[in-house]
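# Structural overview
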Amino acid sequence: MRRPHVVTPRLPLFFGVEGKSEQAFVKFLQHLCDDHQRNLNLDCAKGSGGDTVTVVREASRSLKKRTGRHLYRERIVLLDRDRVAEDREAGRDAEATAIQLGFTIIFQDPNLEGVLIRLHEGSEGKRVRKATVRGRLRKLWPQYRKPPTADQLIRRFGLDDLQRAARHDKSLARLLKILGL
């Protein structure tokens, strides 16, 4: 007698992101999860930008609109670290807002482009100022244009690049731990 084929449901994780670049990064992460047999569904909600608190609040609103929102194993917001000090000076605290709304923050230092620099071999420990990040990235990746597509990220980087960079980036290491990568 044949056994029925059982499909294991994917564990859903929710990602709130600022824009198209981060949305492409989450699709890149989904590709890595699929390639490495991580049974996860990375559900991504793109916001409309703004300060870090606005990004967290938009993520919360997007989550509330989703059916089965209580089933998400993790609720993550990707935020640019370079905006945090400015927001705190203006009386906005994304970390407190995220805790209040039940989100885990993964900081990109100073932003996603800084993370992309560290994914290049030999650059994993480099910290870059926001003012110079795009120029430095273009030196490493001359074809880079913002926003990158998920396909461009998939062709350019792999899990080894993320893991190598994560040894120098606590927030990225935390993200990989959540994903089981």
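Residues numbered from 1 in each chain as written. Predicted model: local features only at pLDDT ≥ 70, side-chain atom pairs only at ≥ 80, totals over all residues. Heavy atoms only, no water.

## Some points on the nonpolar core
Counted only if it meets this: By nonpolar core we mean a set of buried residues, namely Ala, Val, Leu, Ile, Met, Phe, Trp, Tyr and Cys, connected to one another through side-chain atoms within 4.5 Å. Type-normalised accessible area, obtained with a 1.4 Å probe on protein chains alone, sets the label of each residue: buried when under 20%, exposed when over 50%, and partly exposed for intermediate values. Starting at the N terminus, helices and strands are each numbered in turn, a helix being any DSSP run of H or I of at least four residues and a strand any DSSP run of E of at least two. We call two residues in contact whenever any of their non-hydrogen atoms come within 4.5 Å of each other.
F15, F25, L42, L116, L162, L175 and L179 are the most contacted members of the largest nonpolar core, which has 39 residues in total. Among the elements that line this core, the one with the most residues is helix α1 (residues 20–35), at seven residues. If sequence neighbours within four positions are ignored, L116 has contacts with L137, W141, Y144, P148, L153 and F157. Within the second largest apolar cluster, 16 residues are counted, among which are A45, A59, L63 and V77.

## Side note on the packing of helix α2 (residues 52–65) against helix α4 (residues 94–101)
What counts, and what does not: Between N-to-C directions, angles span 0 to 180 degrees; the directions come from axes that are lines fitted to C-alpha atoms, helices contributing only their stretch in contact. Roughly parallel means an angle under 35 degrees; roughly antiparallel, over 145; roughly perpendicular, 65 to 115; everything else is oblique. Crossing handedness is read from the near helix: turned anticlockwise from the far helix by less than a right angle, it gives a left-handed crossing, and turned clockwise, a right-handed one. Only Asp, Glu, Lys and Arg are considered charged, only Ala, Val, Leu, Ile, Met, Phe, Trp, Tyr, Cys and Pro nonpolar, and every remaining residue, Gly among them, polar.
Look at α2 against α4: their axes get within 8 Å of each other, and the N-to-C directions meet at 15°. Put simply, α2 runs roughly parallel to α4. When the axes of α2 and α4 are compared, the crossing they make is right-handed. Contacts from T52, V53, V56, R57 and S60 in α2 reach A94, T97, A98 and L101 in α4. Looking at the contact of α2 with α4, its residues break down into five nonpolar, three polar and one charged.

## Re the side chain of H120
Within the secondary structure, H120 is located in the loop between α5 (112–118) and α6 (130–140). If we ignore the near neighbours within four places in the chain, the residues touching H120 are L137, L140, W141, R156, F157 and R164.

## Things to note about α1
Selection criterion: Working rule for helices: expected span equals 1.5 Å times residues minus one.
The end-to-end C-alpha distance of α1 is 23 Å, a good match for the 22 Å that 16 residues give at a rise of 1.5 Å each. Those residues of α1 that fall on the buried side of the exposure criterion are S21, E22, A24, F25, V26, F28, L29, Q30, L32 and C33. Where α1 terminates, the next one or two residues include Q37, which has phi positive at roughly 55°.

Interpretation note: all reported values are geometric properties and have no functional meaning in isolation.
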